[in-house]
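# Structural overview
Below are the chains, spelled out letter by letter.
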Amino acid sequence: MDKLAFDVAHFLAGSLVLVSLMLLYQDRLSALLNVFAFQAVVLALSVAWQAYVQDAPHLYLTAAIALSVKAIIIPVALHRMIRRLGIHREVETAVNIGPTMLGGLGLVALSMVVILRVTAEADMYAREDLAFALSVVLLGLLMMVTRRNAVSQVVGFMSLENGLILAATGAKGMPFVVEISVAFSVLVAFIVIGVFLFRIRERFDSVDLQAMDDFRGERR
């Protein structure tokens, strides 16, 4: 049973990294939001499995929050926001998708090498989850750096936070209040970001960050 538990946890965490790479590949906002919703579903499954393995019933509530908020509420709200703002449906990139994907693969390899070496004496579940979680965090940061559209940067931020949740649930004994505070902070950040998107759209008639730089005279 221990081997089965390890294999399933390994598969789910690895699937989360794969979906993060799929996020980097998307060039349409609608597809980007759909893949993010799928990432949230995989995260919920991973957290639920950790709840079963660790015999931690409170993690089931964390999985339910991830499934309801990140897989349903936030993607639906962002889809409606895009339609209401009339945002350009293509994802504007600062770096081409090819080099971005190569950079993403390099970050995944770096995460594996670093975490597996420094946690050689740690629990096997924690080691795998931490390695995959760091990969998801770095891929989220990469998306935020290489995307010019504000909506895609919001998705990158939330993907980064998914990696933090994976790391936290992989460590046994994480207080439930920490999980609730993380989920609440994400909801607050999402609301604030939504307000700023509407304000940006009203002021600049665009959410393309390059257009804002041009307005300020930083790019000629």
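Thresholds applied
Starting from 1, residues in each chain are numbered consecutively following that chain's sequence as written. Confidence filtering applies because this is a predicted model: local features only for residues at pLDDT of at least 70, side-chain atom pairs given and counted only at 80 or more, and all residues used for totals across whole chains, interfaces and linings. The side-chain numbers reported here are obtained from all heavy atoms of the structure, hydrogens and water having been left aside. Here an angle of 0 to 180 degrees is reported between the N-to-C directions of two axes, which are lines fitted to C-alpha atoms, with helices fitted over the stretch in contact. Each helix is a run of DSSP H or I of at least 4 residues and each strand a run of E of at least 2, with the numbering of both proceeding from the N terminus. Note on angle classes: values under 35 degrees are labelled roughly parallel, values over 145 roughly antiparallel, values of 65 to 115 roughly perpendicular, and the remainder oblique. Left-handed describes a crossing whose near helix is turned anticlockwise from the far helix by less than a right angle; the clockwise case is right-handed. The contact criterion used throughout is that any non-hydrogen atoms of two residues lie within 4.5 Å. Put simply, Ala, Val, Leu, Ile, Met, Phe, Trp, Tyr, Cys and Pro go in the nonpolar bin, Asp, Glu, Lys and Arg in the charged bin, and everything else, Gly too, in the polar bin. By convention, a stacked pair of Phe, Tyr or Trp rings (six-membered ring in the case of Trp) has centres within 6.5 Å and planes under 30 degrees apart, an edge-to-face pair has planes over 60 apart, and any other such pair is tilted. Buried, partly exposed and exposed residues are distinguished by accessible area as a fraction of the type maximum, computed with a 1.4 Å probe on protein chains only: under 20%, between the cut-offs, and over 50%, respectively.

### A closer look at the packing of helix H1 (residues 2–25) against helix H2 (residues 29–54)
Running from N to C, H1 and H2 cross one another at 165°; their axes reach a closest spacing of 9 Å. One way to sum up the angle between H1 and H2 is to call them roughly antiparallel. As H1 runs across H2, the sense of the crossing is left-handed. On H2, the residues touching Leu 4, Ala 5, Val 8, Ala 9, Leu 12, Ala 13, Ser 15, Leu 16, Val 19, Ser 20, Met 22 and Leu 23 of H1 are Leu 32, Val 35, Phe 36, Phe 38, Gln 39, Val 42, Leu 43, Leu 45, Ser 46, Trp 49, Gln 50 and Val 53. Grouping the constituent residues of the contact of H1 with H2 by class yields 19 nonpolar, five polar and no charged.

### Focus on the packing of aromatic side chains
Going through the model one piece at a time under the given rule, you end up with one aromatic pair. Ring centres 5.2 Å apart and planes at 40° place the aromatic pair Trp 49 and Tyr 52 in the tilted group. Of this pair, Trp 49 and Tyr 52 both sit in helix H2, three residues apart, roughly one helical turn. Its relative accessible area of 18% is what places Trp 49 among the buried residues.

### Things to note about the side chain of Thr 100
Counting through the fold element by element, Thr 100 comes out in helix H4 (residues 97–118). For Thr 100, a relative accessible area of 2% puts it in the buried group. Thr 100 has contacts with Leu 24, Val 95, Leu 142, Thr 146 and Arg 147, leaving out every residue within four places of it along the chain.

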